Amino acid sequence: MNTGTLISLRAITKTYGEGVAAFQALKGIDLDIAAGQFVAIMGPSGSGKSTALNILGCLDAPTSGAYGFRDIPVEALTRNQRALLRRHYLGFVFQGFNLLSRTSAQENVELPLLYRGAESAQRHAAAREALAQVGLTGWEHHTPAELSGGQQQRVAIARAIVTRPLVLLADEPTGNLDSQRGHEIMDLLTALNREQGITVIMVTHEPEMAHYADRVVKFVDGWVESDSRKERHSPPTLPLSGEERTQHGRCDTPLTREAGGVNERGPGTP
Amino acid sequence: MTQMLLNALLLALRAIRRNLMRSFLTVLGVVIGVAAVITMVTLGNGATHMVSDQISSLGSNLLILRPGQQLGPGRDSAGAASFKLADVEAIQTQVPALKAVAPVVGSKVTLVAGNQNWQSQVNGTSNAYFVAGNWNIAAGRQFEEDEEAAGKAVCIIGATVKRQLFPKGSPIGDEVRVKNFSCEIIGLLQGKGQGAMGQDQDDVVLMPIRTAQRRLTGNVNDVSTLMLSLRDGVAADPVMEQIRKLMRERRRLSENADDDFNVMDTKQIAETLSGTIRTMTGLLGAVAAVSLLVGGIGIMNIMLVSVTERTREIGIRLAIGALEHEVLLQFLIEAVALSALGGLIGIVLALFVCLCLTALMHMPFLFNPGINLLAFLFSGAIGIVFGYMPARRAASLDPIVALRFE
């Protein structure tokens, strides 16, 4: 398997509607994302950045083009296979948090594990650990209504990482937060990227948030306008570089996934 | 597979627990529907049972011969001639299928004993009355032959009369004043309780027919009613026909004249009454079933609303990797669990209501497992049918569409 490239988009287009009412949101995107990268997708509204993220997250299917995820041809997958791909490899963080209301933080975080069929003891432990990772120890039994916006987004991140995904997709994760909470969330995402090697793909329109990423892709009118890589704005907490970490990190070692009791029956291995 | 089911069950129970108030309102319709159906049917069964019990307590295979036309509109018994003692004898000798023939004359009379008085039905009859009417003597004895022949002033009293006139101690050997003569009490009837029409069967005094004829009605030959008891295993219809022919002959009715008397079969009355009650029970049960259906539609409504309400939730579930059939299963289980729970609560409620009402109406409480099971299964089926449609709609949503749902 190609360890460098995790995701590759080739000539991806997406058209909404039909006939005269048709609107082409993506006009032919080529994009490669390596494992362990922290990518920010920027662009004005209507530029297709959210559409691209939905396609990357297998929430939406492209109209044409090829999408390879770990060399799996995603465009050829069925609805259920895409769901399994999301279940096993992807985590989502949304602008509106999207937590289940009247449900405790703990249960919200356990939800993805329920669909994976994890045992209850293991579920509880993993959820507590994920909540601890986002700094919410002691808040396990609070419902979203009892938490601040920043805390809710932390719960959402805990829910996204509790399954130890390969990729974390974040759609304007700081959009509903004030600047200080926003920076806290960004620090958290950066730490997850650096310390656990999770590939992070984030859509944002705030340049100061995009600043955290080590690669910024700018979308305009359904095209990729620019793709710039830059030095990390702060020294990495681990001495390893991104590439090296990927090779040694747990992303590509199925051991940890199996140790976590996860059914490795991915959509690409029928 | 089991793992998946358990998971779906867990998810569904969590969803129910999260929305306790909504869940309660959802099942309310089913609770009331199930309770109504079970209560109606159980009470109806109790009533049917009670009526047939009471009629069989009148006497098994009892025919009643009375002057006047058949019961019904325009019935006229006042004009028809009474039977004579000779008629009684004729029936006794000419209809061998009868076990007992009891002539009855009677009237409502005031009884006095000590400083108590009580109005009661006084019947003049023979010892055959005990056989025909299915009466047992609780204390004392039946009439002696010479008492019947001579028309002696002796009587046997019912349990109610005893309670009213002789609240304490045994009345045997005491005297009771009947209208204008004194009568020695020689026996006490065993109580029977309420009759089919709600009358008190124990409010009765029996004396030899001659005594009643001489001292009460003043007519030494007339008999107002005959109680006829069929031998065991004899069909009622041919015997009734035989009696009818005999009576027409003896009363010299011309070929095309209507009967001026009628023979009733108590079994037939019992069946008619039970049939009526069963029809009523069915009718009320049907009305209750409609309410159960309405309850089901309530569930469907709430499920539909809850899908709309929970579209975002479905989007979240789909986004984090739930499969379509997993969401479907969760909603289905939620609906079935809710309606089955409603069914159970309904059964408990019906049990409680039935116990209260049967106690209040002095009816037997007959637990009917069939209707309980049926109502429970029906409520479960309502959950499946009305839960499936909104569940399918929920599960087939595109995750992106569901997530963006406002």
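Draft legend 1. Broad picture of the overall build of chain A. A count of helical and extended segments in chain A gives nine helices and ten strands. Sorting the 270 residues of chain A into buried and exposed places 54% on the buried side. Taking the contacts inside chain A whose residues are at least 6 apart along the sequence as the reference set, 71% of them involve residues at least 24 apart. Counting only carbon and sulfur atoms, one obtains 53% of the accessible surface of chain A, whose full area is about 11,100 Å².

Draft legend 2. Region of interest: the interface of chain B and chain A. Each partner contributes to the interface: chain B provides 30 residues, whereas chain A provides 26 residues. Buried area between chain B and chain A, summed over both chains or domains, comes out near 2,600 Å², and the portion from carbon and sulfur atoms is 50%. If you sort the residues of chain B by the area they bury against chain A, Arg14, Arg18 and Ile320 of chain B come out on top, with a joint share of 24%. Scanning the region where chain B abuts chain A turns up six salt bridges. Arg87 of chain A is paired through a salt bridge with Glu326 of chain B; the nearest N and O atoms lie 2.6 Å apart. On inspection of chain B and its partner chain A, the count reaches twelve residue pairs in polar contact (both at pLDDT 80 or more). Counting only elements with at least two residues in the side of chain B that touches chain A, the list comes to α1 (2–18), α10 (311–319), α11 (324–360) and α13 (399–404) of chain B.

Draft legend 3. Spotlight on the pairing of strand β4 (residues 116–125) of chain B. All names here are of chain B. For strand β3 (residues 98–113) and β4, the ladder comprises nine bridges, and the chain directions are antiparallel. Note on β4: the bridge partner recorded for Thr110 is Gln119. Connecting β3 to the antiparallel partner β4 that follows it, the hairpin turn spans two residues, and Gly114 within it adopts a positive phi of roughly 60°. Where β4 and strand β9 (residues 204–208) come together, five bridges link them in parallel fashion.

Draft legend 4. Representation of the pattern of salt bridges in the model. Scanning all chains against the criterion turns up 25 salt bridges over all chains. Here Arg123 of chain A makes a salt bridge to Glu110 of chain A, at a shortest N to O gap of 3.3 Å. Highlighted residues: Arg123 of chain A in helix α4 (residues 120–133) and Glu110 of chain A in helix α3 (residues 105–115), separated in sequence by 13 residues. Residue Glu110 of chain A is classed as buried on the basis of its relative accessible area of 1%. Asp259 of chain B is the partner of Arg248 of chain B in a salt bridge, and the nearest nitrogen-oxygen pair spans 2.4 Å.

Draft legend 5. Structural detail: the sheet that holds strand β1 (residues 5–16) of chain A. Residues and elements named next belong to chain A. In spatial order, the strands read β2-β1-β4-β5; together these four strands make up an open sheet with antiparallel pairing. Edge strands, defined here as strands with exactly one partner in the open sheet, are β2 (23–34) and β5 (72–73). Direction of pairing for strand β4 (residues 64–69) relative to β5: antiparallel, over a ladder of two bridges. Within the sheet, the bridge partner assigned to Phe69 lies in β5 and is Ile72. This element, helix α1 (residues 49–56), spans β1, β2 and β4 of the sheet and lies at about 125° to β1.

Draft legend 6. Structural detail: the side chain of Thr281 of chain B. On the secondary structure map, Thr281 of chain B appears in helix α9 (residues 266–309). Its relative accessible area of 10% is what places Thr281 of chain B among the buried residues.

Draft legend 7. Representation of the sheet that holds strand β8 (residues 199–203) of chain A in the model. Residues and elements named next belong to chain A. Ordered by their spatial adjacency, six strands build an open sheet running β6-β7-β8-β3-β9-β10, and the pairing between neighbours is mixed. Bordering the open sheet on either side are β6 (90–93) and β10 (223–229), each of which pairs with just one other strand. Strand-to-strand twist across the sheet, computed as the mean angle between neighbouring axes with direction ignored, equals 15°. Across the face of the sheet, helix α6 (residues 179–196) comes into contact with β3 (38–42), β7 (167–171) and β8 while running at roughly 150° to β8.

Draft legend 8. Region of interest: the packing of aromatic side chains. Applying the stated criterion across every chain, the model contains three aromatic pairs over all chains. Centre to centre, the rings of Phe69 of chain A and Tyr89 of chain A are 5.7 Å apart; their planes meet at 45°, and the pair counts as tilted. With Phe69 of chain A in strand β4 and Tyr89 of chain A in helix α2 (residues 79–89), this pair connects stretches of sequence that are 20 residues apart. Judged by relative accessible area, which is 0%, Phe69 of chain A ranks as buried. By relative accessible area, Tyr89 of chain A is classed as buried at 6%. For the cation-ring pair, Lys192 of chain B lies above Trp135 of chain B, with the distance from its terminal atom to the ring centre recorded as 4.3 Å. A cation sits over an aromatic face here: Arg215 of chain B above Phe181 of chain B, 5.0 Å from the ring centre.

Draft legend 9. Structural detail: empty space enclosed by the protein. As enumerated under the stated definition, the model contains five cavities of 30 Å³ or more in all. Together, Leu100, Thr103, Glu107 and Leu111 of chain A together with Leu11, Arg14, Ala15, Arg18 and Arg317 of chain B line the largest cavity. If one sorts the elements of the lining of the largest cavity by residue count, α1 of chain B sits on top with four residues. Taken together, the residues of the lining of the largest cavity sort by class into four nonpolar, one polar and four charged.

Draft legend 10. Main features of the packing of helix α3 (residues 85–94) of chain B against helix α8 (residues 236–250) of chain B. Residue and element names in this part refer to chain B. The geometry of α3 relative to α8 is characterised by a closest axis approach of 11 Å and an angle of 140° between their N-to-C directions. Put simply, α3 runs oblique to α8. For α3 against α8, the interelement crossing comes out right-handed. Seen from α3, the contacting residues are Ala86, Asp87, Ala90, Ile91 and Gln94; seen from α8, they are Gln242, Ile243, Leu246, Met247 and Arg250. Broken down by class, the residue content of the contact of α3 with α8 amounts to six nonpolar, two polar and two charged.

Draft legend 11. Layout of the nonpolar core. Grouped together as the largest cluster of nonpolar side chains are 71 residues, with contacts concentrated most on Ile7, Tyr67, Phe69, Leu90, Val167 and Ile201 of chain A. Residues contacting Ile7 of chain A, with those up to four places away along its chain left out, are Leu31, Asp32, Ile33, Leu56, Tyr67, Gly68, Phe69, Val167 and Ile201 of chain A. Judged by nonpolar contacts, the second largest core, of 42 residues, contains Leu63, Val122, Leu226 and Leu246 of chain B.

Draft legend 12. Examining helix α12 (residues 369–395) of chain B more closely. All names here are of chain B. Taking 1.5 Å as the rise per residue, α12 with 27 residues should run 39 Å; its terminal C-alpha atoms sit 37 Å apart, in good agreement. Helix geometry: α12 is bent most strongly at Tyr388, by close to 35°, with proline Pro390 lying one to four residues after it. A distance of 3.0 Å separates the backbone nitrogen of Gly370 from a side-chain oxygen at the start of α12, and that oxygen is part of Asn368.

Draft legend 13. How the structure looks around unusual backbone geometry. Positive phi values are uncommon outside glycine, yet Asn98 of chain A reaches one of about 55°. Mapped onto the elements, Asn98 of chain A comes out in the loop between β6 and α3. Even without being a glycine, Lys179 of chain B presents a positive backbone phi close to 55°. Mapped onto the secondary structure, Lys179 of chain B falls in the loop between β7 (175–178) and β8 (181–189).

Draft legend 14. Region of interest: the layout of surface pockets. Size it by volume and the second largest pocket reaches roughly 400 Å³. Around the second largest pocket sit 18 residues that line it, and Phe94, Asn98 and Asp171 of chain A together with Leu403 and Arg404 of chain B are the ones nearest its centre. Broken down by secondary-structure element, the contributors of at least two residues to the lining of the second largest pocket are α1, β6 and β7 of chain A together with α13 of chain B.

Draft legend 15. Representation of the environment of Ser224 of chain B in the model. Residue and element names in this part refer to chain B. Relative to the helices and strands, Ser224 is located in the loop between β10 (222–223) and β11 (225–230). Its relative accessible area of 30% is what places Ser224 among the partly exposed residues. Separated by 142 residues in the primary sequence, Ser224 and Ser82 have C-alpha atoms spaced 5.5 Å apart. When neighbours within four sequence positions are excluded, Ser224 is seen to be in contact with Leu65, Arg66, Pro67, Phe83, Val104, Val105 and Gly106.

Quick notes on the rules
- Residues numbered from 1 in each chain as written.
- Chains lettered and ligands numbered in written order.
- Predicted model: local features only at pLDDT ≥ 70, side-chain atom pairs only at ≥ 80, totals over all residues.
- Heavy atoms only, no water.
- Helix = DSSP H or I, 4+ residues; strand = E, 2+ residues; numbered from the N terminus.
- Buried < 20%, exposed > 50% of the residue type's maximum accessible area, 1.4 Å probe, protein only.
- Contact = heavy atoms within 4.5 Å.
- Areas by Shrake-Rupley, 256 points an atom, 1.4 Å probe, with all protein chains shown as cover.
- Buried area = accessible area lost by both parts, 1.4 Å probe.
- Salt bridge = Lys/Arg side-chain N within 4 Å of Asp/Glu carboxyl O.
- Polar contact = N/O pair within 3.5 Å; in protein donor to acceptor, adjacent residues only side chain to side chain.
- Pairing = 2+ DSSP bridges.
- Axes fitted to C-alpha atoms, helices over the stretch in contact; angles between N-to-C directions.
- Phe/Tyr/Trp six-rings, centres within 6.5 Å; stacked < 30°, edge-to-face > 60°.
- Lys NZ or Arg CZ within 6 Å of the ring centre and 35° of its normal.
- 1 Å grid on protein atoms, 1.4 Å probe; cavity = no way out; pocket = protein on both sides within 12 Å on 5 of 7 lines; lining within 4 Å.
- Points joined across faces, edges and corners; volume = space filled by probe spheres on them.
- Nonpolar A, V, L, I, M, F, W, Y, C, P; charged D, E, K, R; others polar.
- Parallel < 35°, antiparallel > 145°, perpendicular 65-115°, else oblique.
- Left-handed = near helix turned anticlockwise from the far one by under 90°.
- Core = buried A, V, L, I, M, F, W, Y, C linked by side-chain atoms within 4.5 Å.
- Expected span 1.5 Å × (residues − 1).
- Bend = angle between axes of the 7 residues up to and from the residue.

Keep in mind these values describe shape, not function.
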